[in-house]
Amino acid sequence: MSRIVLCLATLLLISTAVLAQEFEIKKYDLNARVIPDEFKVDIQARLRMVNLSSPDLSDKILLSTDNKPKLSFFINQKARIETIKVNDTAVTFKTAEDVRNNLLRVSTDITSTIASSKEFDIEMNYSVPSADRSTSLHISAEDTFLFPASFWVPVVHTPYAEHGADSAPMTLKVTAPEGMKVISSGIRKSETSFEQSMAAQPFFVVGDYEVLTRGGSAHPVEVYFPRGSNETARKQAEKLAIEA
């Protein structure tokens, strides 16, 4: 009897493996427009995806008739998805609440194009509203910040599972209200754009800041502090810039 149970368990594991597909995010190309009057950010996220599934495995999945395989992403629960494209072609998609993670799950069918491609592009156009202030997401005329914990960009894996949080190189361009400073990670390419060549989780901050720059062009260090800060705060910023 125990041998039968063991065989059944083995078959179950094999069938689960056969139906498994794995995708990784290779790069993010992000365009964000902050609209404080509407307490939202409009976002175009273009993801370069890597298909880690074997061709044989993909073929077996595509033969499934009952449960079509899905390519799924997790995103902020309040995100409003407008369009999704695969290699610049619009595709249908579904959204569902992911109660366990308190997120929105966005999915589209895995087509033969996706299954046969080593790499492909996903483009998602959506908005993220936030009338309330939290520790990871806030949008207002005074300041705006979108940190990784808000899931403001789509991810394949959450930090709560064994795989861990997704991270990838990125380019980021932010359209912010006039006079406001944009801050993010990586190399600043302009006042509103950044390029991060290392694997990272995208984020940005927008506010009315003054900036101190030290270190020269080879190793620049920028320290930001609120505009109109008193002399004590300015001296602390200068000390930090020197010590960095």
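Keep in mind the model is a prediction, meaning the values are calculated, not measured. Sequence order as written defines the numbering, with residues in each chain counted from 1. Given that the model is predicted, a residue must reach a pLDDT of at least 70 before its local features are reported, and side-chain atom pairs must reach 80 or more before they are shown or counted; all residues, however, enter totals for whole chains, interfaces and linings. Side-chain numbers come from the whole structure's heavy atoms, not from hydrogens or water.

1. A word on the pairing of strand β10 (residues 143-146)
Reasoning step 1: Remark: exposure states derive from per-residue accessible area (1.4 Å probe, protein chains only) relative to the maximum for the residue type, with buried under 20%, exposed over 50%, and partly exposed in between. Each helix is a run of H or I in the DSSP string that is no shorter than four residues. Each strand is a run of E no shorter than two, and both are numbered from the N terminus. The side-chain alternation of β10 yields two buried faces, one formed by D143 and F145 and the other by T144 and L146.
Reasoning step 2: Strands qualify as paired when DSSP identifies two bridges or more between them. Where strand β9 (residues 137-139) lies against β10, three bridges are found, and the strand directions are antiparallel. Considered in β10, the bridge of I139 is made with T144.
Reasoning step 3: Pairing between β10 and strand β15 (residues 204-207): four bridges, direction antiparallel. Bridged to D143 within β15 is G207.

2. Focus on the nonpolar core
Reasoning step 1: Grouping buried Ala, Val, Leu, Ile, Met, Phe, Trp, Tyr and Cys residues that are joined through side-chain atoms within 4.5 Å yields what is termed a nonpolar core. Counting residues in each nonpolar core, the largest one holds 47 residues, and the members touching the most others are Y28, M49, I81, I122, Y126 and F204.
Reasoning step 2: Ranked by residues supplied to this core, first place goes to strand β1 (residues 23-35) with six residues.
Reasoning step 3: In contact with I122, other than residues within four places in its own chain, are A45, R46, L47, M49, L71, F73, I84, K85 and V86.
Reasoning step 4: Grouped together as the second largest cluster of nonpolar side chains are five residues, V223, F225, A237 and A241 included. Any two residues having at least one pair of non-hydrogen atoms within 4.5 Å are treated as being in contact.

3. Concerning the packing of aromatic side chains
Reasoning step 1: Aromatic rings from Phe, Tyr and Trp, taking only the six-membered ring of Trp, are treated as a pair when their centres fall within 6.5 Å; an angle between ring planes under 30 degrees marks them as stacked, one over 60 as edge-to-face, and anything in between as tilted. If you walk through the whole model with that rule in mind, you get six aromatic pairs.
Reasoning step 2: Taking the centre distance of 6.1 Å and the plane angle of 45° together, the rings of F147 and F203 count as tilted. With F147 in the loop between β10 and β11 (168-175) and F203 in the loop between β14 (193-200) and β15, this pair connects stretches of sequence that are 56 residues apart.
Reasoning step 3: On the accessibility criterion, F147 (28% relative accessible area) is partly exposed.
Reasoning step 4: When its relative accessible area of 22% is taken as the criterion, F203 is described as partly exposed.
Reasoning step 5: Relative to Y224, the ring of Y209 has its centre 6.5 Å away and its plane inclined at 75°; by these criteria the two rings are edge-to-face. Remark: Y224 occurs in strand β17 (residues 221-226) and Y209 occurs in strand β16 (residues 209-214); sequence separation between them is 15 residues.

Structural measurements only, silent on function.
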